[in-house]
Amino acid sequence: MARTDETGQADPQAPASETAPNPQPGAGPGARMPRWLPRSMVLALLLVGVFQLGSWAFHQLLGLLINILIAFFLALAIEPAVSRMAARGVRRGLAAFLVFLGLVVATSGFVTLLGSVLAEQVIKIVEDFPAYLDSVINWVNAHFNTDLKRVDVQEGLLRSAWLREYVENSATGVLDVSAQVLGGLFQLLTITLFSFYFAADGPRLRRAICSVLPPAKQAEVLRAWEIAVAKTGGYIHSRGLMALVSGVAHYIMLEALGVPYAPVLAMWVGLVSQFIPTIGTYLAGALPMLIAFTVDPWYALWVLIFVVVYQQFENYLLQPKLTARTVDIHPAVAFGSVIAGTALLGAVGALIAIPAVATSQAFLGAYVKRYDVMDDPRVEGHRPRGPGGGLAGRLRRLPGQKAGEPAMADATDSPA
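Values in this document were obtained by computation on a predicted structure and should not be read as measured data.

**Overview of the overall build of the chain**
When helices and strands are counted, the chain shows 15 helices and zero strands. Split into buried and exposed, the 416 residues of the chain put 25% on the buried side. Taking the intrachain contacts of the chain between residues at least 6 apart in sequence as the baseline, contacts between residues at least 24 apart amount to 61%.

**Overview of the packing of helix α10 (residues 262–275) against helix α11 (residues 280–295)**
Where α10 contacts α11, the axes come no closer than 7 Å and their chain directions differ by 165°. If you check the angle between α10 and α11, you find them roughly antiparallel. Note that α10 runs across α11; the crossing there is right-handed. For the pair formed by α10 and α11, the contact residues are Leu265, Trp268, Val269, Val272 and Ser273 on the first element and Gly280, Thr281, Leu283, Ala284, Leu287, Pro288 and Ile291 on the second. Split into classes, the residues belonging to the contact of α10 with α11 amount to nine nonpolar, three polar and no charged.

**A few points about unusual backbone geometry**
Unusually for a residue other than glycine, asparagine 145 sits at a positive phi of about 55°. Structurally, the position occupied by asparagine 145 is in the loop between α4 (92–144) and α5 (150–158). The phi dihedral of tyrosine 261 is positive, around 60°, even though this residue is not glycine.

**Digging into the nonpolar core**
The biggest cluster of nonpolar side chains holds 21 residues, and the ones touching the most others in it are Ile70, Leu76, Ile78, Val82, Ala96, Ala199 and Val348. Those elements that provide at least two residues to this core are α3 (62–87), α4, α7 (174–200), α9 (215–257) and α14 (347–365). In terms of residue count, the dominant contributor to this core is α3 (eight residues). Not counting residues within four places of it along the chain, the set of residues in contact with leucine 76 comprises Trp225, Ala228, Val229 and Thr232. Of all hydrophobic cores here, the second largest spans 15 residues; its members include Leu114, Leu254, Leu265 and Leu287.

**Observations regarding helix α8 (residues 202–210)**
All of the buried residues in α8 are Gly202, Arg206 and Cys210. For α8, the arc enclosing every buried residue in end-on projection is 65°, short of the 170-degree limit, so these residues lie on one face. Exposed residues lying more than 90 degrees from the buried face of α8 are Arg204 and Arg207.

**Observations regarding the side chain of histidine 250**
On the secondary structure map, histidine 250 appears in helix α9. Excluding its chain neighbours within four sequence positions, the residues that come into contact with histidine 250 are Ala266, Val269, Phe306, Val307 and Tyr310.

**Points about the side chain of asparagine 141**
Residue position: asparagine 141 is located in helix α4. With near-sequence residues (within four places) excluded, asparagine 141 lies in contact with Thr146, Asp147 and Leu148.

**Focus: the packing of aromatic side chains**
Across all of its chains, the model carries nine aromatic pairs by this definition. On the numbers, 5.6 Å between centres and 90° between planes, the contact of phenylalanine 72 with tryptophan 225 is edge-to-face. Placement of phenylalanine 72 in helix α3 and of tryptophan 225 in helix α9 is noted, with a sequence separation of 153 residues between them. Exposure remark for tryptophan 225: the relative accessible area of 14% places this residue in the buried category. Here a set of aromatic residues connected by ring pairs shows up, and it is made of Phe72, Phe73, Phe194, Phe198 and Trp225.

**A word on the pattern of salt bridges**
Within this structure, the stated rule accounts for two salt bridges. For arginine 92, the salt bridge identified is with glutamate 79, shortest N-O distance 2.6 Å. Residue arginine 92 is located in helix α4, and its partner glutamate 79 is located in helix α3; the two are separated by 13 residues in the primary sequence. Of the residues examined, glutamate 79 reaches a relative accessible area of 7% and is grouped as buried. The closest approach of N and O atoms between arginine 206 and glutamate 79, which form a salt bridge, is 3.7 Å. A residue pair is termed long-range when its members are at least 10 positions apart, and arginine 206 in helix α8 and glutamate 79 in helix α3 qualify at 127 residues. Accessibility expressed as a relative area gives 19% for arginine 206, which makes it buried. A single network of salt bridges, built from pairs that share partners, joins Glu79, Arg92 and Arg206.

Cut-offs used in this document
Residues numbered from 1 in each chain as written. Predicted model: local features only at pLDDT ≥ 70, side-chain atom pairs only at ≥ 80, totals over all residues. Heavy atoms only, no water. Helix = DSSP H or I, 4+ residues; strand = E, 2+ residues; numbered from the N terminus. Buried < 20%, exposed > 50% of the residue type's maximum accessible area, 1.4 Å probe, protein only. Contact = heavy atoms within 4.5 Å. Axes fitted to C-alpha atoms, helices over the stretch in contact; angles between N-to-C directions. Parallel < 35°, antiparallel > 145°, perpendicular 65-115°, else oblique. Left-handed = near helix turned anticlockwise from the far one by under 90°. Nonpolar A, V, L, I, M, F, W, Y, C, P; charged D, E, K, R; others polar. Core = buried A, V, L, I, M, F, W, Y, C linked by side-chain atoms within 4.5 Å. Arc of directions from axis to C-beta. Phe/Tyr/Trp six-rings, centres within 6.5 Å; stacked < 30°, edge-to-face > 60°. Salt bridge = Lys/Arg side-chain N within 4 Å of Asp/Glu carboxyl O.

Treat this as a map of the structure, not an account of what it does.
This is how it looks when you write it as C-alpha cells:
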C-alpha cells in the first residue's frame, strides 16, 4: 500500500513502485490479443475451406477428367495420321473428321457382325439345348445307374427358387442396365468430341501452352509432346500388327476345326487380346470356345490349348520383336504398369498405362546421363575365380591357411 498523510492523500514523496503495481503482459481485463492472430485464424479457415471445395470439385469432376485423359491419349494415337494428311494440303479439321469417320465405320461394322454372330449362336444353343441335356442325362444314367428324365430335370429347374429370384432380379435391374447403357453412350460421345478437338486443334493447343512458358521450358514441353505422340502411335501400331497376326493364326485354327464364323471370331480374338492388356487373350478366347462347343465339345478343348500356346509364343517371341523399336519397355515393367493403372483408373488405366510409362521412360532417358559399364564378370552374374577361390578350394583349405598359400599334402600322398 502507498503511504498517505494525515489528510488521506497519497504522499508525493513515496516511490513510484509503491504507488502503482507493475502491469503484467496479457493480464488484466484490458489486455488485447496480438494483431496477427485474427488474420492467421481467418487465413487458416480460408485455406481449409478452399481445400474442401477443391476436394469436392475434384471428386465431382473425376469422371470428366478421366474422359479427357482418354481423349488426350486417343488424340495422340491418331496425331501422325492427321498430321500426314494435313501436310498434303487437307485442312486439319477435315483430316481429323475423316480419321474419326473411318474409325467409327470400322467399329460399327465389326460390332454389327459380332452381334449377328452372337444372336445366331444364342438361338442355336437354345434350340439345341434339349439335345445336349438328353446326352448329358443318358451319360449320367449309364455311368451312375440312375433313372433321370429330361422332363423331371426341366420341371425341377423351372420350379427352383434360385431361378425365380434370378428372374425377379433381372426384371428389376432392367432400368439400371438401361441407365448404364445410356451413361456409356454419353461417355463415348464425350471422349469422341474431346479427341476430335485435341486432334484438330493440336497446334493451337501447343501454342497456347507454350505462350505461358519461357523459351527453355517451351522446348521441353514440345519435346515431351513429340515423344508422347511417337510412343503412343508406336504402341497402337505394334498392337495393330500383333492383332493382325493373332487374327490370322486363330482364323487358320478355327477354319481347320470347321468352327462357323471363323473370320469374325478371328477378328474378335485379335482385337480384344491386344487392346485389353493381360487378360484380354483369355477373355477373347471364351467366345470361340463357346461356339466351338456347339460343334463338338472336344473342339472347345483344342481352342483352349491353342489360345494358351499362342499366348506364350506371342509373349516370348512375337511381342519383343514388334515392340523393340516402338514401345521398348521391359515385360515386367509393362506388367507392373498395367496393374498400377488398373488399381488407379480401372480398365482405362490398363489401356493407357503402357504408352504412358513408355513416354515417361523415353523422356527421362533423354536427360539421364549414362556411363560405360566396366568389364567385370560380376556384371553378368559370374563370380571371379582366383587361386583356390572355388568351392572345392575353400573346402580343401585348412583352418588358418590363406587363399594364396599352397595346400598341404595329404597324409596318403606323403612318402613312406
